[in-house]
Amino acid sequence: GAGVSQSPSNKVTEKGKDVELRCDPISGHTALYWYRQSLGQGLEFLIYFQGNSAPDKSGLPSDRFSAERTGGSVSTLTIQRTQQEDSAVYLCASSLLAGDYYEQYFGPGTRLTVT
Amino acid sequence: DAKTTQPNSMESNEEEPVHLPCNHSTISGTDYIHWYRQLPSQGPEYVIHGLTSNVNNRMASLAIAEDRKSSTLILHRATLRDAAVYYCILRDGYGGSQGNLIFGKGTKLSVKP
């Protein structure tokens, strides 16, 4: 079946602009995670959704970052007033259910470059 | 969360076995040992996981020390496609955690033809 897909694959934006990154999880997966991978930094957790519950935003680096998940499926990560330090690869993952027991499936990522 | 320690990098020759070590001296009784890998320009992918006994699957084997304070991911015959960063991650199998993965720096495996 289809894996996790993300769009766009690459995004170049000017500092100060808003961007939206999209994630399509595997059908039937109720848990969805966003991570960020910066040059020289490891993979860091950003935000998590379980079904229609309110997301856990504890990993978001600033209030310029927000995310939503419509209908318990597609998710959009929005970064407002982008800064150069936001340049990174943004990865989305989904799993059948939330929790440490379940394997996560990752998308290919969106490479964001802020100029 | 319990931490893991891995070498920054390792080299292997193609078609030879590779043993990737991971130390997790503060592992708790309910922590599972998971391995993910990230191929160049791709998202991470699950490799294998285990609790106490050694585990085998089509990708690799996982050898877990008797005291569970260390483990080794074994690739039986490395191929060029196995060049990746390998992450050893502890996950609480019985907790109510939301399940986000906590990645360390991992081990960058290079495979020489």
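Residues numbered from 1 in each chain as written. Chains lettered and ligands numbered in written order. Predicted model: local features only at pLDDT ≥ 70, side-chain atom pairs only at ≥ 80, totals over all residues. Heavy atoms only, no water.

Here we come to the side chain of Gln6(B). Residue and element names in this part refer to chain B. Take Gln-6: it is sitting in the segment before strand E1 (9–13). For Gln-6, a relative accessible area of 14% translates into the label buried. Only 2.9 Å separates the side chain of Gln-6 from the backbone nitrogen of Cys-88, close enough to count as a polar contact. One polar contact links Gln-6 to Thr-107, side chain to side chain, over a distance of 3.5 Å. With sequence-adjacent residues up to four places away left out, Gln-6 is seen in contact with Pro-21, Cys-22, Trp-35, Tyr-86, Tyr-87, Cys-88, Gly-106 and Thr-107. (Helix = DSSP H or I, 4+ residues; strand = E, 2+ residues; numbered from the N terminus. Buried < 20%, exposed > 50% of the residue type's maximum accessible area, 1.4 Å probe, protein only. Polar contact = N/O pair within 3.5 Å; in protein donor to acceptor, adjacent residues only side chain to side chain. Contact = heavy atoms within 4.5 Å.)

Okay, the state of the cysteines next. By definition, a disulfide is the covalent link that joins the sulfur atoms of two cysteine residues. Evaluated as defined, the whole model comprises two disulfides over all chains. Two residues share a disulfide in this structure: Cys23(A) and Cys92(A), whose sulfurs sit 1.8 Å from each other. Handedness of the Cys23(A)-Cys92(A) disulfide follows from its S-S torsion of about -65 degrees: it is left-handed. You can see Cys23(A) sitting in strand E3 (residues 19–24) and its partner Cys92(A) sitting in strand E8 (residues 88–95), a full 69 residues away along the chain. Cys23(A) gets classed as buried once you look at its relative accessible area, which sits at 0%. In this model Cys22(B) forms its disulfide with Cys88(B); the gap between the sulfur atoms is 2.1 Å. Between Cys22(B) and Cys88(B), the S-S dihedral sits near -85 degrees, and the bridge is therefore left-handed. Pair noted here: Cys22(B) is in strand E2 (residues 18–23) and Cys88(B) is in strand E8 (residues 84–92), with a separation of 66 residues, a long-range link. A residue is classified by how much of its surface remains accessible, and Cys22(B), at 1% relative accessible area, is buried. Relative accessible area serves as the criterion here: at 2%, Cys88(B) is assigned to the buried category. (Disulfide = S-S within 2.5 Å.)

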